[in-house]
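# Observations on chain architecture
Single-letter residue listing:
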Amino acid sequence: MGVIIGMDEAGYGPNLGPLVITATVWDVPGSPHDVDLYEAFADVVDRASPADGKIHIADSKQVYAPHKGLAALEQSVHTLLGLHEPPPAKLTQLWSRLIGGDIDVDACGPWLRDTDLDLPLCIESESAAATSTRLRKCCDERSIRLRAIVSEVVTPRAFNQLLDQYDSKGVLLSRLSMRLLSRVVDFDGGEPTLVIADKHGGRNRYDHLLEDIAGDHFIVRDAESRSV
């Protein structure tokens, strides 16, 4: 068995909302380098414009645009959230599940103070539940399991404080991403693990960042470059 960890962020350099960095952790059969999740979930998931009841999973800028609305993005998110347990019905419940605790709503800004949004916003819960059932069947047939969905939610206030500390948005993003990775990667598990993430600005080297979260484990860099 192997592990695939996919990481991405939204709201980098937030104006009105938090920076959110999320990791999904998948148990897969064999080597993670030999598993293509798009191929495994082809009956349910499409990376282009979805058809035939499929969900659209791709970069959020491809899935969401103001003229498209939130429905496609929300459908995919709630499908994954409902894969093994009922998806949250409130925004604060969603945050609590993703970060493993409560978030300071007041620190997010006045627009969320004294409110708790009902979820989902733009789709029917029954529709997401039905798609979750189909995706769960794909997982079972291919011996794939979604182990966890975990997030770092950084409010604008916290973002600005960290920016003062690191004096660089790129360093800030890298440090937060490593902090999130440290919550989901198992250095002692012995399972081959593939971590997929975006390049952080102009950064080409990540070995020293991994050393900071690896504890007593020795990190060996095979290669680092613009393309690797």
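No experiment lies behind these values; they were computed from the predicted model shown.

Conventions adopted
Residues numbered from 1 in each chain as written. Predicted model: local features only at pLDDT ≥ 70, side-chain atom pairs only at ≥ 80, totals over all residues. Heavy atoms only, no water. Core = buried A, V, L, I, M, F, W, Y, C linked by side-chain atoms within 4.5 Å. Buried < 20%, exposed > 50% of the residue type's maximum accessible area, 1.4 Å probe, protein only. Helix = DSSP H or I, 4+ residues; strand = E, 2+ residues; numbered from the N terminus. Contact = heavy atoms within 4.5 Å. Pairing = 2+ DSSP bridges. Salt bridge = Lys/Arg side-chain N within 4 Å of Asp/Glu carboxyl O. Expected span 1.5 Å × (residues − 1). Arc of directions from axis to C-beta. Phe/Tyr/Trp six-rings, centres within 6.5 Å; stacked < 30°, edge-to-face > 60°. Lys NZ or Arg CZ within 6 Å of the ring centre and 35° of its normal.

### Looking at the nonpolar core
Judged by nonpolar contacts, the single largest core of 29 residues is most densely connected at Trp 26, Val 28, Leu 37, Phe 41, Trp 95, Leu 135 and Ile 144. Elements represented by at least two residues in this core include exactly strand E2 (19-28), helix H1 (37-40), helix H3 (71-81), helix H4 (91-99), helix H5 (125-141) and strand E5 (145-154). At four residues, H4 tops the list of elements feeding residues into this core. Ignoring sequence-local partners within four residues, the contact set of Phe 41 consists of Trp 26, Leu 135, Cys 138, Cys 139 and Ile 144. The next biggest cluster of nonpolar side chains, apart from the first, holds 22 residues, and it includes Val 150, Leu 173, Val 185 and Tyr 206.

### A word on the pairing of strand E1 (residues 2-10)
Where E1 lies against E2, nine bridges are found, and the strand directions are antiparallel. Across the sheet, the residue bridging to Gly 6 is Thr 24, located in E2. Pairing analysis gives four bridges linking E1 to strand E6 (residues 193-196), with the strands arranged parallel. Among the inter-strand pairings, Val 3 is bridged to a residue of E6, identified as Thr 193.

### Quick look at the pattern of salt bridges
Summed over all chains, the structure comprises 11 salt bridges. With its nearest N and O atoms 2.5 Å apart, the salt bridge here joins Arg 147 to Asp 27. With a gap of 120 residues between them, Arg 147 in strand E5 and Asp 27 in strand E2 connect regions that are remote in the sequence. Exposure remark for Arg 147: the relative accessible area of 31% places this residue in the partly exposed category.

### Some remarks on H5
Taking 1.5 Å as the rise per residue, H5 with 17 residues should run 24 Å; its terminal C-alpha atoms sit 25 Å apart, in good agreement. Regarding H5, the residues found buried are Ala 128, Thr 131, Ser 132, Leu 135, Cys 138 and Cys 139. Projected onto a plane normal to the axis of H5, the buried residues spread over an arc of 115° and lie on a single side. Away from its buried face by more than 90 degrees, H5 exposes Glu 126, Lys 137, Asp 140 and Glu 141. Its buried side turned inward, H5 meets E2, H1, strand E3 (45-46), strand E4 (55-56) and H3.

### Re the packing of aromatic side chains
Throughout the structure, instances matching the rule amount to one aromatic pair. Across the ring face of Tyr 38, the terminal group of Arg 47 is positioned such that the distance to the ring centre comes to 3.8 Å.

### So, the side chain of Ser 76
The residue Ser 76 is located in helix H3 in this model. A residue is classified by how much of its surface remains accessible, and Ser 76, at 6% relative accessible area, is buried. In this structure Ser 76 touches Ile 55, His 56 and Ile 57, once residues within four positions along its chain are discounted.

### Considering H3
When we look at burial in H3, the residues that qualify are Glu 74, Gln 75, Ser 76, His 78, Thr 79, Leu 80 and Leu 81. On its buried face, H3 is in contact with E2, E4, H4, H5 and E5.

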